[in-house]
Amino acid sequence: MRTISLKLPQRLIEQVETRAKDRRISKSEVIRESLETSFRTPGSKVTCFDLSADLVGIFDGLPEDLATDHKYMEGFGE
């Protein structure tokens, strides 16, 4: 197997390390599996949730139904 080098943002490094520790596999294996999965699903798209998943649930004091109750959107964008 050949070796490559790449730069990753800190949040991805932390996610890779956590996944590797949880599954008791190497960080390299986590990255290989992710790449293989990505290449197996052609045309797969990254969603807004994928990009902001690390922000879900970090804010205190917000209503529990903020995402589902339409009253919070009244007047939005006007």
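Note: the structure precedes this text.
What this report covers is the structure whose coordinates are included nearby.

Basis of the calculations
Residues numbered from 1 in each chain as written. Predicted model: local features only at pLDDT ≥ 70, side-chain atom pairs only at ≥ 80, totals over all residues. Heavy atoms only, no water. 1 Å grid on protein atoms, 1.4 Å probe; cavity = no way out; pocket = protein on both sides within 12 Å on 5 of 7 lines; lining within 4 Å. Points joined across faces, edges and corners; volume = space filled by probe spheres on them. Helix = DSSP H or I, 4+ residues; strand = E, 2+ residues; numbered from the N terminus. Salt bridge = Lys/Arg side-chain N within 4 Å of Asp/Glu carboxyl O. Buried < 20%, exposed > 50% of the residue type's maximum accessible area, 1.4 Å probe, protein only.

A word on the layout of surface pockets. Taken as a whole, the largest pocket spans an internal volume of roughly 890 Å³. Every residue lining the largest pocket is counted, 20 residues in all, and those nearest its centre are Arg11, Leu12, Gln15, Ser34 and Val46. At the level of elements, helix H1 (10–23), helix H2 (27–40) and helix H3 (48–52) are the ones that each hand at least two residues to the lining of the largest pocket. Looking at the second largest pocket, the residues that line it are Met1, Arg2, Thr3, Ile4, Leu6, Ser28, Ile31, Arg32 and Leu35.

Turning to unusual backbone geometry, a few remarks are in order. Even without being a glycine, arginine 24 presents a positive backbone phi close to 55°. Here arginine 24 is to be found in the loop between H1 and H2.

If you walk through the whole model with that rule in mind, you get three salt bridges. Note that arginine 23 and glutamate 33 form a salt bridge whose closest N and O atoms lie 2.5 Å from each other. One end of the pair, arginine 23, is in helix H1; the other, glutamate 33, is in helix H2, and ten residues separate them in sequence. For lysine 71, the salt bridge is made with aspartate 69, and the minimal N-O distance between the two is 3.9 Å. For aspartate 69, a relative accessible area of 24% translates into the label partly exposed.

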